[in-house]
Amino acid sequence: MLITWMISLLFFAVSTIVLVSGIFTLQSNHKAPTNRVFFALTAAITIWSSGMSLSTIASDAATSEIWRRFSAIGWGTVYAILLHFILTITGKAISIKKWWYYLYLYLPAFFSLFAFAVPNGLNPYPYNLYQTNYGWINIAQNNIWDWIFYAYYIGFTLTGLLILYRWSKKSTDNIIKRESRIIRLSIISALILGTITDVILSSLYSDLPQLAPVIMLIPALSIYNVLQKDSFGTKEGIDRKTSYIILFASVLVYLVLSFLQVFLSDKSLAVGSIVLDESVIRGIIVQIQMFISIYLVLKENRPGYISSVIINTISLLSSVLFLIRSDSTASLPGIISYSGVLVIITLIKAYKEKNAAYIKRIKTQVIREEFYSKIFKQAPVGIAIMNDKSHTRNEEFEDININPAYEQILGRTKEKLQKMTWAELTDPEDLAADLAYYKQFKNGKIDQYSLEKCYIKPDGSVVWVNMLVAPFSTSGGKSDDHLCIITDITERKKMEATLKYNHEHVLLTGLYNRYVLEKILERDALMHPEGKRALIIINLSAMHILSLRYGFRYNQDMLKRIADSLRTFCNENYSLFNTHESRFVFYVKDYQDKKDLTAFCEAISHTLYSHLHTHGINGGIGVIEIDESRISNTDELLKLLLITSEMAANNNSKDNIISFYGPEIEALATREIEINQELTEIAEGINTDRLYLLFQPIFDLASNQVCGFEALARLHNEKYGLVYPLEFIPIAEKSNMIVSLGERIILQAFHFLNKLKANGHDTIAVSINISTMQLLEPGFADRMLHLINEMHLNPENVGVEITESVFATERAEINTVISALKAAEIEVLIDDFRTGYSFFSRVSELNIDCVKIDKSFIDNLLVLEPEEALAGDIISMAHKLGHCVVAEGVEHEKQLSCLRTLGCDRIQGFLISKPLDADSALHFLKNNKQ
């Protein structure tokens, strides 16, 4: 239904556009034949298109046929009118003025109307209508009447194209050639497209609508465009002005008088008692002619002058000729008079031209003054003529000494401004700089100057302007005045201030950011202040748990409340900065000793406790006393500060731990650097045996059999011994080595799978912990699947464990990777599964197979009954989501018994076995088949 209405509206839009173009063209000059025929053409297309519009959406076939017949009035006549139009623009219409020519021209249109518009017995069923998705469609029957119409529209169109082509070929006018080509191409395009859509495609695909009226828009608008531009040189009706009638009448009177002068020769004329002889009559006639000549020159401009010269020259020559032939002096006065008239009208003409030129200069000057006055008054910048420090009162510039924009920018009227100096208007903070520039300007040291400054408005508000001061000379030459142009830049300054604020602040908290802190530290390091200085960092990285539990918005609101509380500790010696989303730094100056810092940190800790203790999370507070002799680099200083806070935050205490930077922190930093170096060597293929895997069995409670192993990465360092993943994995992620190390871990796990396969354990699976960074690395899934195929492994025996940090990632992105793994039948597990908003609402958004319950929930089974423990709720919810459940950290029989009762699927922990090397794992399977 929608597409039917869309097609109907398309037809109606075409009819509207075409009709408007026709009416507009006709109104421009209704007398021009071209415009009248074009209007008839647009009317036919309008009837055609509007009829098709109503026929398409008709309620039934009978109604549709009525509108089809109405439409036939348009399409039945349009091709005859089009040919008529072509004959008109090419000048051929002159040859068909006889009525039978018009009959011949419109006879095919009459037959089309008879066959398709008027109900008759010869063609009783002209339309074969049926309804489609496009509305009512007519299937051509291709009977004799259809073929007559085909011959008519093709024949008339081709004839018109031939006439246009021959007309263009014969013409030497490039405009005619170009415009003729435009119309020919538009008609050819319409002919081809119309034949394809309404004849060929309509016959082959009966469901398609007939779009000929739409296609006719091409030639209609092309012709309209041509008519508006050139009209093919067709002359439009001329509106004759009264001056041309007077000119014609004056010349006619002049010639009549000349005739009377000849007719009344040798005759006298009596008027009452007065007798006018020949000479008197001739004198009167010549005077009247002179009056007419002068009138023509004075009144009718150049055409009158030319006419006057011509008629007087003819009269002069006639008089001279008469003098010669008649051998009489009777024409001598006339010769003198005509010669005098020619001299007089020439002088009048010269005077008029000189006077006109002078008037033109005066008018030009007036126009220029009006133009510049309008520019001055309408200029969007403020302009004022100044005299020293005051606004000038020179009468010469009374109207243009201060423009409206200047008044508007400064918020004062011209009268008030003229009573004040610009120094009184200037912001005191900018006055000194302005006066310094102005002094140089007055002394001739600089030609002009530009300055951004503030003016004070009457209400006390400030307006920022860009001011240009330049010399100003009057018509008399050098002047003491100068020009002041001001542009209001207040909005720009506000925007700059906003951008500066955003660049230097964290929008959530409104505090200065790390960039500002670094600049202040660098400045103070150069100044070497005498008092003690320190940095105190509040590390709230554990707050990401709030995002997982309650959502991002809750976490942001909590950070804002904490920032507001920390801001209350600020004073002239304690400045607060928000250096990271969840990190705040106090820059402390002029404190007494370490006790002051400790007391301050304890107060902060108490404040943090009031916000965070109900959520079971804490923060780390790190303190570093600044000593440039040991640490001079700002970046290094902030790095050590962060390490200090992380040591405090990772203390696993329920309180907010305070750590001062010292040797133990240095040792921690050194340890991280050395572990990072060792990981770099392993990633580069050096001493790769230091990164190895242990395998902890996973026990299936339904079958009472070991069903798989979890591959656990370990790092052996010669200096520090065994290093666990909780320490070296974050270091690898920070140094972007996790992908390379992760691939080595995957390869070791796959080698273990091959050992299992070689020892007959084809159904035992191995799950591998994958970092989120590694999982999202482009091509991760493809590389893993390629390695599985290359090592001839069964994908069903491979598991991928991802941690809770995956919830901070875009779900669509992570699901793309997970889906690719699952499509290959690789099992996907969520490790360290917990409770809360994030887990139960977001796990359902990920396409995973299994969840692993965190050990903290399993430990509660030792002190709680099964029905009281949250582990049961987690297992139930996971099963409802279609996931299997693995319990981690099972160490006691009571835990196992409870998990069986709660319906857990698999368990893992020291109760089954500690993590084993590859050989021990194979031996474990051999000894525990039962």
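The structure displayed is predicted, hence computed values, not measured ones.

1. A short note on the overall build of the protein
Looking only at helices and strands, the protein has 33 helices and 23 strands in total. Across the 930 residues of the protein, 44% fall into the buried class. Long-range pairs, those at least 24 residues apart, make up 66% of the contacts in the protein between residues at least 6 apart in sequence. Carbon and sulfur atoms form 59% of the exposed surface of the protein, whose accessible area is close to 49,300 Å².

2. A few points about empty space enclosed by the protein
As enumerated under the stated definition, the model contains four cavities of 30 Å³ or more in all. What lines the largest cavity is a set of 31 residues, and nearest its centre among them are Trp 48, Trp 75, Phe 149, Asp 198 and Ala 212. Those elements giving two or more residues to the lining of the largest cavity turn out to be α2 (33-56), α3 (61-89), α5 (144-170), α6 (174-204) and α7 (212-215). In terms of residue class, the lining of the largest cavity is made up of 22 nonpolar, six polar and three charged.

3. Observations regarding the state of the cysteines
Scanning the entire structure with this criterion turns up one disulfide. Disulfide pairing places Cys 850 opposite Cys 884 at an S-S distance of 2.5 Å. Measuring handedness by torsion sign, the sulfur bridge of Cys 850 and Cys 884 sits at about -125 degrees and is left-handed. Of this pair, Cys 850 sits in strand β21 (residues 850-853) while Cys 884 is found in strand β22 (residues 884-887), placing the two residues 34 residues apart along the sequence. Given the relative accessible area of 0%, Cys 850 is considered buried. What makes Cys 884 buried here is its relative accessible area of 17%. The thiol of Cys 904 is not disulfide-bonded; the next cysteine sulfur, from Cys 850, is found 8.5 Å away.

4. Description of the pattern of salt bridges
Enumeration according to the criterion identifies 27 salt bridges in this entry. Residues Lys 500 and Glu 504 are paired through a salt bridge, measuring 3.1 Å at the closest nitrogen-oxygen approach. Taken together, the residues span about one helical turn, with Lys 500 and Glu 504 both in helix α17 (residues 490-504) at a distance of four residues. In this structure, Arg 671 engages Glu 727 in a salt bridge whose closest nitrogen and oxygen atoms are separated by 2.4 Å. One end of the pair, Arg 671, is in helix α23 (residues 663-683); the other, Glu 727, is in helix α24 (residues 725-734), with 56 residues separating them in the sequence.

5. So, the side chain of Thr 634
Mapped onto the elements of the fold, Thr 634 is located in helix α22 (residues 634-649). The buried category is assigned to Thr 634, whose relative accessible area is 12%. Those residues in contact with Thr 634 that sit more than four places away from it in its chain are Glu 518, Leu 521 and Glu 522.

6. Observations regarding the confidence of the model for the protein
Summarising the model, the protein shows a mean pLDDT of 83, and 85% of its residues fall at 70 or more. Here helix α29 (residues 837-842) stands out as the least confident element of the protein, with mean pLDDT 53; strand β23 (residues 906-907) is the most confident, with 96. Low pLDDT, under 50, characterises residues 232-242; the stretch is placed with 10 contacts to residues that sit more than four places away or in other chains.

7. Brief notes about the sheet that holds strand β12 (residues 583-589)
Pairing between the strands of a sheet comes from backbone hydrogen bonds, and it takes one of two forms, parallel or antiparallel. Overall, mixed pairing links the five strands, which are arranged β11-β12-β10-β13-β14 in an open sheet. This sheet does not close on itself; its edge strands, each paired only once, are β11 (574-580) and β14 (657-660). Strand after strand, the sheet turns through a mean of 20 degrees between neighbouring axes, direction not considered. One ladder, built from six bridges, connects β11 with β12; its direction is antiparallel. Counterpart to His 580 in the pairing with β12 is Arg 583. In the packing of helix α20 (residues 552-567) onto the sheet, contacts are made with β10 (533-539), β11 and β12, and the angle to β12 comes to roughly 10 degrees.

8. Description of the packing of α2 against α3
Two elements in contact, α2 and α3, have axes separated by 7 Å at closest approach and are oriented at 160 degrees. Between α2 and α3, the interaxial angle falls into the category roughly antiparallel. Where α2 crosses over α3, the handedness of that crossing is left-handed. Its residues placed into classes, the contact of α2 with α3 shows 21 nonpolar, 10 polar and one charged.

9. A short note on helix α16 (residues 428-442)
In this model, α16 (15 residues) spans 21 Å end to end at C-alpha, consistent with the 21 Å of a helix rising 1.5 Å per residue. If you check which residues of α16 are buried, you get Asp 430, Asp 434, Tyr 438 and Phe 441. Lining the buried residues of α16 we find α15 (422-425), β7 (449-456), β8 (462-471) and β9 (481-488). Within two residues after α16, Gly 444 carries a phi angle of roughly 80 degrees, on the positive side.

10. What about the pairing of β7?
Relative to β8, β7 is paired through eight bridges, and the arrangement is antiparallel. Bridge pairing in β8 places Tyr 455 opposite Val 463. Once β7 ends, the chain turns through five residues before running back antiparallel as β8, passing Gly 460 with a positive phi of about 90 degrees.

11. Describing the sheet that holds strand β6 (residues 390-391)
Spatially, the five strands line up as an open sheet ordered β6-β5-β9-β8-β7, and their pairing is antiparallel. At either end of the open sheet lies a strand with only one pairing partner, and these are β6 and β7. Seen against the sheet, α16 touches β7, β8 and β9 and runs at an angle of roughly 145 degrees to β7. Across the sheet, α17 is in contact with β7, β8 and β9; its angle to β8 comes to roughly 125 degrees.

12. Brief notes about unusual backbone geometry
Of note in this structure, Asn 687 is not a glycine but carries a positive phi near 50 degrees. For Asn 704, which is not glycine, the phi torsion reads 55 degrees and is therefore positive. You can see Asn 704 is positioned in the loop between β15 (691-700) and β16 (705-717). Look at Asn 704 and you get partly exposed, because its relative accessible area is 35%.

13. Quick word on α5
Here α5 contains 27 residues, and its C-alpha end-to-end distance of 39 Å stays within 8% of the 39 Å for a straight helix at 1.5 Å per residue. Sitting at the amino-terminal end of α5 is Asn 143, which places a side-chain oxygen 3.1 Å from the backbone nitrogen of Trp 145.

14. Side note on the nonpolar core
For soluble globular proteins, the rule of thumb is that nonpolar side chains tend to be buried together. By size, the foremost hydrophobic cluster in this structure holds 76 residues, and its most contacted members are Leu 679, Phe 695, Phe 750, Leu 756, Met 784, Leu 821 and Leu 899. Broken down by element, the residue count for this core peaks at 10 residues, all from helix α25 (residues 738-758). Not counting the four nearest positions on each side in its chain, Leu 756 is found in contact with Phe 709, His 761, Ile 764, Val 766, Leu 922 and Leu 925. In terms of nonpolar packing, the next biggest core, distinct from the first, is built from 53 residues, Phe 11, Ile 89, Leu 105 and Phe 116 among them.

15. Some points on the packing of aromatic side chains
Applying the stated criterion across every chain yields a total of 27 aromatic pairs. Their ring planes at 65 degrees and their centres at 5.9 Å tell us that Phe 149 and Tyr 152 sit as a pair that is edge-to-face. You can see Phe 149 and its partner Tyr 152 sitting in helix α5, three residues apart, about one turn around the helix. The class for Phe 149 is buried, based on a relative accessible area of 11%. Positioned above the aromatic ring of Trp 464 is the side chain of Lys 493, whose terminal nitrogen or guanidinium carbon lies 4.5 Å from the ring centre. Across from the ring centre of Phe 660, 4.5 Å away, lies the NZ or CZ of Lys 594, which sits over that ring.

16. Observations regarding the pairing of strand β13 (residues 620-625)
The buried fraction of β13 is high, at five of six residues. Taken together, the six bridges between β10 and β13 define a ladder with antiparallel strand orientation. Directly across from Ile 538, in β13, lies its bridge partner Ile 621. In this structure, β13 lies alongside β14, joined through four bridges in parallel fashion.

Cut-offs used in this document
Per chain, residues are indexed from 1 in the order of the written sequence. For this predicted model, a pLDDT threshold of at least 70 governs which residues receive local features, and a threshold of 80 or more governs which side-chain atom pairs are given and counted, while totals over whole chains, interfaces and linings are taken from all residues. No hydrogens and no water enter the side-chain calculation; it runs on all heavy atoms of the structure. Runs of H or I in DSSP of at least four residues are treated as helices and runs of E of at least two as strands, each being numbered from the N terminus. The buried label goes to any residue with under 20% of its type's maximum accessible area, the exposed label to any with over 50%, and the partly exposed label to all in between, with areas taken from a 1.4 Å probe on protein chains only. Here, residues are in contact when the closest pair of their heavy atoms is within 4.5 Å. In these tables, accessible area is a Shrake-Rupley quantity obtained with a 1.4 Å probe, and a residue counts as shielded only by the protein chains included in the view. With a 1 Å grid spanning the protein atoms alone, the term cavity applies to any set of points in which a 1.4 Å probe fits but cannot get out, the term pocket to an open set with protein on both sides within 12 Å along at least five of seven lines, and the term lining residue to any residue with an atom within 4 Å of a point. Grid points are joined across faces, edges and corners, and a volume is the space filled by probe spheres set on the points. When residues are grouped by polarity, Ala, Val, Leu, Ile, Met, Phe, Trp, Tyr, Cys and Pro land in nonpolar, Asp, Glu, Lys and Arg in charged, and all others, Gly among them, in polar. Only a pair of cysteine sulfur atoms within 2.5 Å counts as a disulfide in this structure description. A side-chain nitrogen of Lys or Arg and a carboxyl oxygen of Asp or Glu constitute a salt bridge if their distance falls within 4 Å. Scored from 0 to 100, pLDDT records how confident the predictor is in each individual residue. In this description, strands pair whenever DSSP reports at least two bridges between them. Axis definition: a line fitted to C-alpha atoms, limited for helices to the stretch in contact. Angles are taken between N-to-C directions and run from 0 to 180 degrees. Oblique is the label for every angle not falling under 35 degrees (roughly parallel), over 145 degrees (roughly antiparallel), or within 65 to 115 degrees (roughly perpendicular). By definition, turning the near helix anticlockwise from the far helix through less than a right angle yields a left-handed crossing, and turning it clockwise yields a right-handed one. What a helix is expected to span follows from its residue count: subtract one and scale by 1.5 Å. Here a polar contact is recorded for every N or O atom pair within 3.5 Å, except that within protein the pair must consist of a potential hydrogen donor and a potential acceptor, and residues adjacent in sequence are included only if both atoms are side-chain atoms. Definition of nonpolar core: a set of buried residues of the types Ala, Val, Leu, Ile, Met, Phe, Trp, Tyr and Cys, connected through side-chain atoms within 4.5 Å. Pairing of aromatic rings covers Phe, Tyr and the six-membered ring of Trp, with a centre-to-centre limit of 6.5 Å; geometry is then stacked below 30 degrees between planes, edge-to-face above 60, and tilted otherwise. Charge over a ring is defined by NZ of Lys or CZ of Arg lying within 6 Å of the ring centre and within 35 degrees of the ring normal.

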